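Examining the three-dimensional arrangement
Okay, here's what each chain looks like letter by letter:
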Amino acid sequence: MPEAGYVPPQRLFLEDGQCRVRFFSEQDPDEVADFDFATLPVARPLQEAFALAFDAHVGPAGKVKASAVASNTFRLLGYFVDVLLLDEKHPQAPQDLAPRHLTSFLLGRGDAPTAGMAVGALRALLMNVEGLTPQFAAKCAEWVPARRDRIGSRGSYSPVEEKAILDNARKVVRAAAKRIRESREVLGRWREGRISREEEPVLYEYGSVLDMVEETGELPRNKRGNGLAQWVVPHGTVAELTARLHLTRDETCALVLLLVRLTGENGSTIIKAPAAFHRTDGGAGPLATVQVDLSKPRRGKRRYMTAALSDLPPWAPAPAEEGELSARDELHTPFGLYMLALELTASSRRIKGSNRLLVYWVPKAGAGRQSKSIEVIKRRNVCGRGFRDQLSQAAGGEWGARLNLVADEPDEEGNPQRLIVGAGRMRVTHGAREQKPVAQTRETLANIYLRRDKSSLREYQKVVADVLEKEVAKARTAGRIPRLSTADVAGALRDPETVARRFGVTTETMRLLVARDADTVLAACADNSNSPHSTPGEPCRASFLKCLECPCARAMPHHLPVQVVARDMIDERRTHMTALRWAERFALPFEELDDLIRSAGKRAEDRARAAAGQEERDLVRRLLDGELDER
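Cut-offs applied
Residues numbered from 1 in each chain as written. Predicted model: local features only at pLDDT ≥ 70, side-chain atom pairs only at ≥ 80, totals over all residues. Heavy atoms only, no water. Helix = DSSP H or I, 4+ residues; strand = E, 2+ residues; numbered from the N terminus. Buried < 20%, exposed > 50% of the residue type's maximum accessible area, 1.4 Å probe, protein only. Contact = heavy atoms within 4.5 Å. Areas by Shrake-Rupley, 256 points an atom, 1.4 Å probe, with all protein chains shown as cover. Phe/Tyr/Trp six-rings, centres within 6.5 Å; stacked < 30°, edge-to-face > 60°. Lys NZ or Arg CZ within 6 Å of the ring centre and 35° of its normal. Pairing = 2+ DSSP bridges. Axes fitted to C-alpha atoms, helices over the stretch in contact; angles between N-to-C directions. Parallel < 35°, antiparallel > 145°, perpendicular 65-115°, else oblique. Nonpolar A, V, L, I, M, F, W, Y, C, P; charged D, E, K, R; others polar. Salt bridge = Lys/Arg side-chain N within 4 Å of Asp/Glu carboxyl O. Core = buried A, V, L, I, M, F, W, Y, C linked by side-chain atoms within 4.5 Å.

On to the overall build of the protein, then. Secondary structure summary: the protein contains 23 helices and 11 strands in total. In the protein, which comprises 631 residues, the proportion classed as buried is 45%. For the protein, contacts bridging at least 24 residues in sequence account for 63% of all contacts bridging at least 6. Element-wise, carbon and sulfur atoms account for 52% of the exposed surface of the protein, whose accessible area totals about 33300 Å².

Throughout the structure, instances matching the rule amount to nine aromatic pairs. For the ring pair Phe-35 and Phe-54, a centre distance of 5.1 Å and an interplane angle of 55° mean the geometry is tilted. Within this pair, whereas Phe-35 is found in strand β3 (residues 32-36), its partner Phe-54 is found in helix α1 (residues 44-58), the two being separated by 19 residues in sequence. With a relative accessible area of 0%, Phe-54 lands in the buried category. Plain terms: the ring middles of Trp-190 and Tyr-204 are 5.7 Å apart, the flat faces sit at 50° to each other, and that makes the pair tilted. Placement of the pair is Trp-190 in helix α6 (residues 159-191) and Tyr-204 in helix α7 (residues 201-215), with a sequence separation of 14 residues. Classification of Trp-190 as buried rests on a relative accessible area of 19%. Taking relative accessible area as the criterion, Tyr-204 reaches 21% and is therefore assigned partly exposed. Among the aromatic residues, those joined into a cluster by ring pairs are Phe-35, Phe-37, Phe-54 and Phe-74. Between Arg-20 and the ring centre of Phe-13, over which it is positioned, the NZ or CZ distance is 4.4 Å.

A separate point is the sheet that holds strand β5 (residues 289-295). As summarised here, the arrangement of the three strands in space is β4-β5-β6, forming an open sheet in which the pairing is antiparallel. Two strands bound the open sheet, and with one partner strand each, they are β4 (278-279) and β6 (304-310). Inspection of the sheet shows β4 paired to β5 by two bridges, in the antiparallel sense. Within β5, the residue paired with Arg-279 across the bridge is Val-290.

A separate point is the packing of helix α9 (residues 249-263) against helix α13 (residues 393-401). It is at 9 Å that the axes of α9 and α13 come closest, and there the two elements cross at 105°. It follows from the interaxial angle that α9 and α13 lie roughly perpendicular. In this structure, α9 contributes Arg-249, Asp-250, Cys-253, Ala-254 and Leu-257 to the contact, and α13 contributes Ala-395, Gly-396, Glu-398 and Trp-399. For the contact of α9 with α13, a count of residues per class yields five nonpolar, one polar and three charged.

The next point concerns the environment of Ser-392. By the element assignment, Ser-392 lies in the loop between β9 (386-388) and α13. When the C-alpha atoms of Ser-392 and Ser-268 are compared, they prove to be 8.4 Å apart, with 124 residues separating the residues in sequence.

Another point: the pattern of salt bridges. Close approach of charged atoms allows side chains of opposite charge to pair. As enumerated under the stated definition, the model contains 36 salt bridges in all. Between Asp-55 and Arg-11 there is a salt bridge whose closest N-O contact spans 3.0 Å. Taken together, the positions of Asp-55 in helix α1 and Arg-11 in the segment before β1 (12-13) put the pair 44 residues apart, joining distant regions of the chain. By relative accessible area, Arg-11 is classed as partly exposed at 27%. Between Glu-398 and Arg-249 there is a salt bridge whose closest N-O contact spans 2.8 Å. Of the two residues, Glu-398 is situated in helix α13 and Arg-249 in helix α9; the sequence distance between them amounts to 149 residues. On the accessibility criterion, Arg-249 (27% relative accessible area) is partly exposed. Linked through salt bridges whose partners overlap, the residues forming this network are Arg-567, Asp-568, Asp-594, Asp-595, Arg-598, Lys-602, Glu-605, Asp-606 and Arg-609.

Let's shift gears to the nonpolar core. It is characteristic of soluble globular proteins that their nonpolar side chains tend to be buried jointly. Core analysis: the biggest nonpolar cluster contains 50 residues, and Ile-165, Leu-337 and Leu-357 have the highest contact counts within it. In terms of residue count, the dominant contributor to this core is α9 (nine residues). If you look at the next biggest cluster of nonpolar residues, it comprises 37 residues, including Phe-50, Leu-97, Leu-102 and Ile-374.

Remark on secondary structure: sheet strands pair via backbone hydrogen bonds, oriented parallel or antiparallel. Spatial strand order, β1-β2-β3-β8: four strands in an open sheet with antiparallel pairing. Pairing within the sheet leaves two strands with one partner each, and these edge strands are β1 and β8 (374-378). Pairing of strand β2 (residues 20-24) with β3 involves five bridges; the strand directions are antiparallel. Bridged to Phe-23 within β3 is Ala-33. Relative to β2, α1 is tilted by about 10°, and along the sheet it contacts β1, β2 and β3. Against the sheet, helix α2 (residues 67-84) makes contact with β2, β3 and β8, and its axis sits at roughly 5° relative to β3, the strand it touches most.

Note that every value here comes from positions in space, so none of it alone points to a role or purpose.
Structure representation (structure tokens):
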């Protein structure tokens, strides 16, 4: 909570002919910008109405928290104003806005796949305008069809493409680590007095240059201030000397791509990752792990999360062309890469005064093209050369373009095309390879990322089909567990010995089965001490799902309700899991349950489903969630 006497900063400026909204980025407090609505060529009442709506939309209680999104919203409003100016009689006030204006805006976007999304972003802003007519407000509330369906996706990288990108990224990062470590070794010797000025004057002078670069990031200038001091020039240019001890932007891009592939996190999340961490293993192992607090703003209230970065991920063998590398090679594990980045950026972080993991140096950088309607009041990184702790999403693509990699698939005309490198596709690749959600639900991974992944859809479908076929074949080979009918149970009450012999159990076991004292979850167990899933003579410790394929299991009539619930809930989980994970975990029990239920008949199945209550559903949920498994 704010301290006593706190006064919020002014956001809206409408006095003295002004019409400005000041935006404070929630994602980055060091970014502040003014949006000038007086530059919009509309009447003053509309300027003020748009400014008030924009302030509500991007203010503390609004939906927009990032400066890039605020700028995009303002730009879309400018396009909407262009549509308004096409009217013979220009709208003068909010009540003059008509549904046709939104329709014209949508048509003006042409066949752009993002047209629907642009309309959605504009509507979210316009809904905050005071004085709209009911007709225009209703138009703003209309659903925009095909909002995302027309947006194409490049999908994940093929194994060959992925390897080419990661090999190049590792090569860049490994060269950077070697360069910085060698320079630090020379600097260490110089600071310890192990380099003699008399015996090694050039190396001694070079050591003094490195000392200034490491301490301040600056180098001595000549008297005119337009170049390096004369005695520094023989040792290299500003860019060369600074890069001796600090990462460049390209090297930071390579680090980001590697971390995205290793962790599965968003590129923006990695770029803003903190340098602060917690060693859960206390630095003593056996599995080196750091916990890092990350943020994914799109998740809203669930934006903050803690990621555990460990070494030895299962997917990362060392590439043969790089020689004999340990499985703990720092560029093949999340832990190793995080600690390497922490090491290489230590002095850059100190000079910049940043708490972020990735800090790098650029020889020159400007503010970029900025609309006259937007005035940057405060930005995280000043213009010109110097240290940065913020990386644009386009930077990775620019670095990838310079690699000149060729995509596996040709273009529409059959010609080779350049491979587009980006953190977004690399994250989709992580999801396709690992089949595990990261900072997302299993449903989102399955339905949004994997099902739209055109690059690996056919391959993925074939893998899933193969797994399903194997599991179904396994279920048919294993056969159905013995099932006692209602008549069998009645017979066991009259003559347990006869029924027991027919079902291959002892008389005492039959009494236990009928008394329901041998129940597990989906069946009953006739011999808990001789399970094929555990050591003979010891109690069975296998999952209760294994009962469906166990020769010791016996299905009783009173098990049918819970079996029906289990089959229905397993079938329902298809939509909440990736197809491959569902096939691997649930295809076999689903087929076994389906076989048992079919043998009972449709009428018995319907009666069992009606008889099942909340107790059966809770029990099955616990079973499928693994709560009943021995841990």
